[in-house]
Every structure is written in structure tokens, then in C-alpha cells.
Amino acid sequence: RVQNQLTLNEIESFDDALRLYFRREEVRIYNHRRLRDCKQPILKIKSTHTGRGAEGANDDEADGLEPQLCICLGARVMLTDNIWVENGLVNGSMGTVMDIVWNEGQDPIKDMPTAIMVEVDDYGGPKFPGTNYIPIFPVTRRFEYKKSDCSRTNFPLRLAYAITVHKAQGLTLKQVVLNLERKDHSPGLSYVAISRVKKLSSIMFETPFDLSRFTTKVSSNMKDRARDWDLRTLQCL
């Protein structure tokens, strides 16, 4: 399932697949590149906050809301909230931004949009009249940050070109593209990434790897533990 071993058609089928990376910086670089490739004006939607220092909290600390959401028409996005479980609008649902709406009299440069119109993949529920879109509205999340009660308001969306493996926990995805060049900085991350899909054909690896990728160097501390284990085992016998 390594990219250089697949056919061109199969590689192209992963163009809109979510990339999973171990580090935030890798995610940021890839998302920035894909937004640029849309060749559309990029809207930076800054969150509104209450509470001391709330703007300094990251999305994990603010219950999934980004401090700033960058999107454009045609951008791929992912829901980060269970909006309508019965109709499949759940955390992890992916779609495409089709329109951005402001109320009459709002300033598109300064004001947060009223709604973002998204065409959600494989969605069969009610849609906005005359379109295949659904409106996504801002939400407010309350959280504690540095011992202060805070809140953040923004859209429950994130770019769906790449996310960290950590944020993919609990999601079931149609396709993923992985890069296992780096070793896990936390045990089990590779397993979490690979297990996001139900079948092997839904995975593509960007670069080759071998068994050494999953082995660790034997340190003197590890050798001492092994000797201690052998000694205790012998004593039990």
C-alpha cells in the first residue's frame, strides 16, 4: 500500500483523503499548501472569547474550537461536533465549503459569518432549499483555562486535508494517507492511525518503511530490567 507501488488511478483516488500526521507542524504545512492550491481568497475567522487569557488556549483546551479557522470556497472541512446524529452529521463527517453567508449590514472583513454552507459527503437528510448544502452555525464552548472560566465562539469545523493522529482517535474514516517515517513519540500512535479505516485498500502510505521502524534501541536500562526479570523468574522456579 506504499504510494510508489500503486497505480496512477489508485493514487488519484486518494486526492481528497485525509492525511494523518504525528506532529502539528506537519499538519499546518500540508493544510496551508492545500488551501493555497484552491486558488480562492482565504477567510480567517477569529474566535471571540470571554475570560482572562482564553485566546491563548489551543483547540484541545477549548473543547475542539480553533483559535482561528482559515477556510475558502472549495475547502475540505470536517465537523468537530455531533450536530444531528440521526442523520449522520457527527464528529468526523467531512464535506466541502460551498458558500459563506453574512447577514445584511455585516462587514465581511470584520464580522464573523452567520453560517458556512457545507456539502457533506454521503448526507441524505434535509438540506437548504434548492441546494445540496447544510448551514453550519457558530457554537460557544465553555472551558476552564489557567484557573479562569472562559468561553470561545467559532464554527465547529476544521480543515480536512490533514489532522494529527491524536485528533483522529475515535473516528472511522473512508480513506487515509499515512506517513510512518517518524517513530511514534507516544506508544501506539501508529496503531491508532492505521485502525481508522476498516480495510487495507483504504490506506496509502506516502513513503516506504520496514520492520526497523517499529523497533527500539536496546539501552543499558532495558538490559538491566531484562536481567532482573530473568533473576526473579529463576527464584520463582
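This text follows the structure it describes.
Residues numbered from 1 in each chain as written. Predicted model: local features only at pLDDT ≥ 70, side-chain atom pairs only at ≥ 80, totals over all residues. Heavy atoms only, no water.

### Points about the overall build of the protein
Rule in force here: Each helix is a run of H or I in the DSSP string that is no shorter than four residues. Each strand is a run of E no shorter than two, and both are numbered from the N terminus. Exposure classes here rest on a 1.4 Å probe applied to the protein chains alone. A residue is buried below 20% of its type maximum, exposed above 50%, and partly exposed in between. In what follows, a contact means two residues having at least one pair of non-hydrogen atoms within 4.5 Å. Exposure was quantified through the Shrake-Rupley algorithm and a 1.4 Å probe, taking into account, for residues, occlusion by the shown protein chains and nothing else. In this tally Asp and Glu are treated as negative and Lys and Arg as positive; neither His nor the chain ends contributes. Think of each charge as sitting on NZ of Lys, CZ of Arg, CG of Asp or CD of Glu.
Across its full length, the protein carries five helices and 14 strands. Taken along the three principal axes of its C-alpha coordinates, the protein extends 80 × 55 × 35 Å. Among the 237 residues that make up the protein, the fraction classed as buried is 39%. In the protein, the proportion of contacts linking residues at least 24 apart, taken out of those at least 6 apart, comes to 67%. When the accessible surface of the protein is summed, it comes to about 14500 Å², and 51% of that surface belongs to carbon and sulfur atoms. Charged side chains of the protein number 34 positive and 31 negative; the gap between the two group centres comes to 5 Å.

### Re the pattern of salt bridges
Cut-off, in case you're wondering: Salt bridges are identified by distance alone: a Lys or Arg side-chain nitrogen within 4 Å of an Asp or Glu carboxyl oxygen.
Counted by the stated rule, this structure contains 17 salt bridges. Where Arg19 meets Glu206, a salt bridge forms, and the shortest distance between an N and an O atom there is 3.7 Å. Pair noted here: Arg19 is in strand β1 (residues 18-21) and Glu206 is in the loop between β14 (203-205) and α5 (220-236), with a separation of 187 residues, a long-range link. Residue classification places Glu206 among the partly exposed positions, given a relative accessible area of 23%. Here Arg28 ties to Glu25 by a salt bridge, and the two come within 2.7 Å at their closest N and O atoms. Taken together, the residues Arg28 and Glu25, both in helix α2 (residues 24-37) and three residues apart, mark about one turn of the helix. Arg28 gets classed as partly exposed once you look at its relative accessible area, which sits at 49%.

### Describing the nonpolar core
For clarity, the cut-off: Here, nonpolar core means buried Ala, Val, Leu, Ile, Met, Phe, Trp, Tyr and Cys residues that are tied together by side-chain atoms lying within 4.5 Å of each other.
Core analysis: the biggest nonpolar cluster contains 27 residues, and Ile45, Leu69, Ile71, Ile116, Ile136, Phe155 and Leu157 have the highest contact counts within it. Counting only elements with at least two residues in this core, the list comes to α2, β2 (43-46), β4 (68-71), β5 (76-79), β6 (94-101), β7 (115-120), β8 (134-136) and β11 (157-159). Contacts of Ile116, omitting those with residues within four sequence positions, involve Ile45, Leu69, Ile71, Val97, Asp99, Ile134, Pro135, Ile136, Phe155 and Leu157. Core analysis: the next-biggest nonpolar cluster, separate from the first, contains 21 residues, Leu18, Phe22, Leu178 and Ala193 among them.

### Thoughts on the pairing of β2
Rule in force here: DSSP-based pairing: two strands are paired if at least 2 bridges between them are found.
Side-chain alternation along β2 places Leu43 and Ile45 on a buried face and Lys44 and Lys46 on a face that remains uncovered. Bridge count for β2 against β4 is four bridges, and the pairing is antiparallel. Directly across from Lys44, in β4, lies its bridge partner Cys70.

Don't take any of this as a statement about function, it's just geometry.
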